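Tertiary structure, described
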Amino acid sequence: ILTPGEAGEPHRRRLAERAGEEAAFWLRLVEARDAVLASDWASALRELKLLDTRAPIARRDLVYYWMGVTLSALGEHTNAVHALHDAVRIDPNWEFARARLISQLLLLDRVEEAVLRAAPMERPRTAEGAFAVARAVTAAIERGGVGTFGVSDGLSSLRELTRRSP
C-alpha cells in the first residue's frame, strides 16, 4: 500500500490503476492532501468531506487530521479542534496530530485543555511534539500555573527539546 507521502505522479498512476475501495481511498486522500498543500481549501474540504463518510475506520485519523489543517487555514478554529480531536482519539500516539491539536487549542486560548492534551507527550518523540508541549507549558506558566501537568514534567520536555535542537 502506498502512503500519501509516497504518492508522487508515477505512484499516483499505479494507485489509480488498482481496483478496490482501499486504492480509491488513498487516491482521494492524496488529492485532498495535495489540495491542502496548494492552499486550494475548497477542493481540499470537498475531498475530505467525501472521504469522511467512506474512509475505513482505521484510516479516518488521516482524514480528520487533514480536515483540521484545512479548517484551521479557513479560520474555522473551533471546527479544526473537533477534527483534530477525532484524529487523536483514533490514534492517541500520533504526535503530529496531537501537536496540531494543542496549537489550535492555544490559538483559541484554551490553555488548560491544551495542557491536558500535552500531558500524554511527557517524553515527546518528535520536534513538533516537544514544541507543542513547550508552548502549552509556557502558556500555562504565563497564566500562573500548569494545572494537572507538573512544572517538572514541562521543564523536562523543554530540556528534551533543547537536547534535540542543533
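Residues numbered from 1 in each chain as written. Predicted model: local features only at pLDDT ≥ 70, side-chain atom pairs only at ≥ 80, totals over all residues. Heavy atoms only, no water.

This prediction gives the protein a mean pLDDT of 81; 74% of its residues lie at or above 70. A low-confidence stretch, residues 1-5 (pLDDT under 50), is modelled with 15 contacts involving residues beyond four sequence positions or located in other chains. (pLDDT = per-residue confidence, 0-100. Contact = heavy atoms within 4.5 Å.)

Here the focus is the packing of aromatic side chains. Taken as a whole and judged by the stated rule, the model has three aromatic pairs. Aromatic pair Tyr65 and Trp66: ring centres 5.2 Å apart, planes at 80°, arrangement edge-to-face. With a relative accessible area of 10%, Tyr65 lands in the buried category. An aromatic cluster is defined as three or more aromatic residues linked by ring pairs; in this entry it consists of Tyr65, Trp66 and Trp94. (Phe/Tyr/Trp six-rings, centres within 6.5 Å; stacked < 30°, edge-to-face > 60°. Buried < 20%, exposed > 50% of the residue type's maximum accessible area, 1.4 Å probe, protein only.)

Here the focus is the environment of Arg100. Mapped onto the elements of the fold, Arg100 is located in helix H6 (residues 95-107). Overall, Arg100 belongs to the partly exposed group, its relative accessible area being 31%. Spatially, the C-alpha atoms of Arg100 and Ala132 are 7.8 Å apart, while their sequence positions differ by 32 residues. Leave out the neighbours within four places in its chain, and Arg100 touches Tyr65, Val69 and Leu84. (Helix = DSSP H or I, 4+ residues; strand = E, 2+ residues; numbered from the N terminus.)

Within the secondary structure, Ser72 sits in helix H4 (residues 60-73). Using a relative accessible area of 16% as the deciding quantity, one classes Ser72 as buried. A polar contact is formed between the side chain of Ser72 and the side chain of Gln104, at a distance of 2.8 Å. Ignoring anything within four residues of it in the chain, the contact list for Ser72 reads His77, Ala80 and Gln104. (Polar contact = N/O pair within 3.5 Å; in protein donor to acceptor, adjacent residues only side chain to side chain.)

The next subject is the packing of H4 against H6. Across the interface, H4 lies against H6 with an axial gap of 10 Å and an inter-helix angle of 30°. Relative to H6, the element H4 lies roughly parallel. Crossing hand, H4 versus H6: left-handed. Packed against H4, whose contacting residues are Tyr65, Val69 and Ser72, the element H6 presents Phe96, Ala97, Arg100 and Gln104 at the interface. A per-class count over the contact of H4 with H6 returns four nonpolar, two polar and one charged. (Axes fitted to C-alpha atoms, helices over the stretch in contact; angles between N-to-C directions. Parallel < 35°, antiparallel > 145°, perpendicular 65-115°, else oblique. Left-handed = near helix turned anticlockwise from the far one by under 90°. Nonpolar A, V, L, I, M, F, W, Y, C, P; charged D, E, K, R; others polar.)

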